[in-house]
Amino acid sequence: MPDPSAADAAVAVFADLREEGRELDALVGGLADPDWARATPAPGWTIAHQIAHLHWTDRASLLALTDATGFGLMVEEALKAPDTFVDEGAREGAELAPAELLARWRTTRAALDEALVAASPDTRFPWYGPPMKATSMGSARLMETWAHGQDVADALGVRRTPTARLRHVARIGVRARDYAYAVRGLPAPTQEFRVELTAPEAPDGARVWTYGPPDAPQRITGPALDFCLLVTQRAHRADLALTAVGPDADRWLDIAQAFAGPAGTGREPGAGREPGAAR
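Along each chain, residue indices are assigned from 1 in the same order as the chain's sequence is written. Thresholds applied to this predicted model are a pLDDT of at least 70 for local features of residues and 80 or more for the giving and counting of side-chain atom pairs; totals over whole chains, interfaces and linings are not thresholded and use all residues. Based on all heavy atoms of the structure, the side-chain values leave hydrogens and waters out of the count.

K.L.:
Kindly report on the overall build of the protein, identifying the contributing residues and their values.
P.N.:
When helices and strands are tallied, the protein shows 10 helices and six strands. Put simply, the radius of gyration uses C-alpha atoms, and a globule should come to 2.2 Å times the residue count raised to 0.38. In terms of overall size, the protein behaves like a compact globule, its C-alpha atoms giving a radius of gyration of 19 Å where 279 residues would be expected to give roughly 19 Å. Over its C-alpha atoms, taken along the principal directions, the protein stretches across nearly 50 × 50 × 40 Å. Going through the 279 residues of the protein one by one, you find that 46% of them count as buried. What counts as a helix is a DSSP run of H or I of at least four residues, what counts as a strand is a run of E of at least two, and both are numbered from the N terminus. Using a 1.4 Å probe on the protein chains alone, a residue whose accessible area is under 20% of its type maximum counts as buried, one over 50% counts as exposed, and one in between counts as partly exposed.

Pasting the structure below:
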């Protein structure tokens, strides 16, 4: 028998992903063609590259949910160029006319939304890493949409208002702690950390999002937005109002990442942000 709470969680994730896509769409939907060529903080990537990457990954997710054979072929192509396939996918999409790229992203986004809602909640679907349930895939897509949306916002000089949707990004960041160590060939701490994040204003009235044992001696505290910027490597630790207690927790803030793949280089300190500043 399906778990009602799991079903409710899936509905919430998919609704939040839908809204995250709409918010980013509102940023780029009215841009003039020359603005699509604006450089973003990701070296070599323009706004067009950011949207093209989201379209490419949304399409991969759609295939994983609906066409295992087609997804397998996509993986085979990626394995031919494991170090460059992400950049190549973004480049190919960025070469399209902005109106065409936007239309393709919108169409694929809508199809992915339908596929996520229709997916069996207990089925694990193939991915580039371990297979994922639809809810986890939705959370991952939201994290990527938010992170690449931040790149677009930075390129446009826009300060976005943080929302309760960040809880998905924060949760992935916490759960990916050990992965951040593993991808660097480092041993992960044996004990859990306590993470306490000041939440944005949320409909549920939650003021703090908490993870890990309340009596854990090592802990992280600070704004949820800052934590999400850190684990998606959209801001340097020095520019964020995060506090670590304990040497292992302190080290984690230097290497944290919420995304799969090689360890990223992150952002340089002082990249247009002030510690603790509103964003």
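K.L.:
Explain the environment of Ala153 residue by residue, including any values.
P.N.:
By secondary structure assignment, the location of Ala153 is in helix α6 (residues 134–156). Along the backbone, Ala153 and Leu27 are 126 residues apart, and their C-alpha atoms lie at a distance of 7.5 Å.

K.L.:
Just give me the short version of α6, but keep the residues and values in it.
P.N.:
The span you would expect from a helix comes to 1.5 Å times its residue count less one. With 23 residues, α6 extends 32 Å between its outermost C-alpha atoms, agreeing within 8% with the 33 Å of an ideal straight helix rising 1.5 Å per residue. Most of α6 sits inside the fold, with 19 of its 23 residues counted as buried. Once α6 ends, the next one or two residues include Gly157, with phi positive near 70°.

K.L.:
Got a sec to walk through the packing of helix α7 (residues 166–175) against helix α9 (residues 224–231)? Specific residues and values, please.
P.N.:
Angles here are taken between N-to-C directions and fall from 0 to 180 degrees, while the axes themselves are lines fitted to C-alpha atoms, restricted in helices to the stretch in contact. Relative orientation of the contacting elements α7 and α9 amounts to 55°, with a least axis distance of 9 Å. Overall, the two elements α7 and α9 adopt an arrangement that is oblique. When the axes of α7 and α9 are compared, the crossing they make is left-handed. Contacts between α7 and α9 involve Leu166, Val169, Ala170, Gly173 and Val174 from the former and Leu225, Phe227, Cys228 and Val231 from the latter. Under this grouping Gly is polar, as are all residues other than the nonpolar Ala, Val, Leu, Ile, Met, Phe, Trp, Tyr, Cys and Pro and the charged Asp, Glu, Lys and Arg. Grouping the amino acids of the contact of α7 with α9 by side-chain chemistry returns eight nonpolar, one polar and no charged. Every angle not falling under 35 degrees, over 145, or within 65 to 115 is termed oblique; those three ranges are roughly parallel, roughly antiparallel and roughly perpendicular. Helix crossings are classified by the rotation of the near helix relative to the far one: an anticlockwise turn of less than a right angle makes the crossing left-handed, while a clockwise turn makes it right-handed. In this analysis, two residues are considered to be in contact whenever any of their non-hydrogen atoms come within 4.5 Å of each other.

K.L.:
Please provide a residue-by-residue account of helix α4 (residues 85–94), values included.
P.N.:
Residues Phe85, Gly89, Ala90, Gly93 and Ala94 constitute the buried set of α4. For α4, the secondary structure elements touched by its buried residues are α2 (47–66), α3 (68–80) and α5 (98–118).

K.L.:
Could you give an account of the side chain of Arg234, naming the residues involved and the relevant values?
P.N.:
With respect to the element layout, Arg234 can be found in the loop between α9 and β6 (243–245). The exposure class of Arg234 is buried, given its relative accessible area of 12%. Think of a polar contact as two N or O atoms within 3.5 Å of one another; within protein, one of them needs to be a possible hydrogen donor and the other a possible acceptor, and neighboring residues in sequence only count if both atoms come from side chains. A distance of 2.7 Å separates polar atoms of two side chains, one belonging to Arg234 and the other to Asp151.

K.L.:
Now, about the pattern of salt bridges: what can you tell me, with residues and values included?
P.N.:
Each reported salt bridge corresponds to a side-chain nitrogen of Lys or Arg within 4 Å of a carboxyl oxygen of Asp or Glu. Scanning the model with the defined rule gives 21 salt bridges in all. Each of the salt bridges in this network shares a partner with another, and the network as a whole consists of Glu20, Glu23, Arg160 and Arg165.

K.L.:
Which residues make up the sheet that holds strand β3 (residues 194–198), and what are the values?
P.N.:
The pairing of strands in a sheet comes from backbone hydrogen bonds and takes either a parallel or an antiparallel form. Following DSSP output, two strands are said to pair if at least two bridges run between them. If you walk across this open sheet you meet the four strands as β4-β3-β5-β6, and the pairing is mixed. Either end of the sheet is taken by a strand with one partner, and the two such strands are β4 (208–211) and β6. On average, each strand axis in the sheet is inclined to that of its neighbour by 10°, with strand direction left out of account. Inspection of the sheet shows β3 paired to β4 by four bridges, in the antiparallel sense. Across the sheet, Thr198 pairs through a bridge with Val208, a residue of β4.

K.L.:
I'd love a proper account of the nonpolar core, names of residues and values included.
P.N.:
The definition of a nonpolar core used throughout is a set of buried Ala, Val, Leu, Ile, Met, Phe, Trp, Tyr and Cys residues joined through side-chain atoms within 4.5 Å. Residues Leu65, Leu116, Trp146, Val169, Phe227 and Trp252 are the most contacted members of the largest nonpolar core, which totals 56 residues. At seven residues, the largest contribution of residues to this core is made by α9. Ignoring anything within four residues of it in the chain, the contact list for Phe227 reads Ala170, Gly173, Val174, Leu197, Leu242 and Trp252.

K.L.:
I'd love a proper account of the environment of Asp178, names of residues and values included.
P.N.:
Within the secondary structure, Asp178 sits in helix α8 (residues 177–182). Classification of Asp178 by relative accessible area gives partly exposed; the value is 38%. For Asp178 and Leu242, which are 64 residues apart along the polypeptide, the C-alpha to C-alpha distance reads 19 Å. Only 2.9 Å separates the side chain of Asp178 from the side chain of Arg177, close enough to count as a polar contact.

K.L.:
Give me the packing of aromatic side chains: which residues, what numbers.
P.N.:
In this scheme Phe, Tyr and Trp rings, the latter by its six-membered ring, pair at centre separations within 6.5 Å, and the angle between planes marks the pair as stacked below 30 degrees, edge-to-face above 60, and tilted otherwise. A full pass over the atoms with the stated rule returns eight aromatic pairs. Their ring planes at 70° and their centres at 5.3 Å tell us that Phe71 and Tyr128 sit as a pair that is edge-to-face. With a gap of 57 residues between them, Phe71 in helix α3 and Tyr128 in the loop between β1 (124–125) and β2 (132–133) connect regions that are remote in the sequence. For Phe71, a relative accessible area of 2% puts it in the buried group. A network of ring pairs unites the aromatic residues Trp56, Phe71, Phe85, Trp127 and Tyr128 as a single cluster. Whether a charge sits over a ring depends on NZ of Lys or CZ of Arg being within 6 Å of the ring centre and within 35 degrees of the ring normal. Note that Arg109 overlies the ring of Trp105, its terminal NZ or CZ placed 4.3 Å from the centroid.

Shape descriptors only; they carry no functional weight alone.
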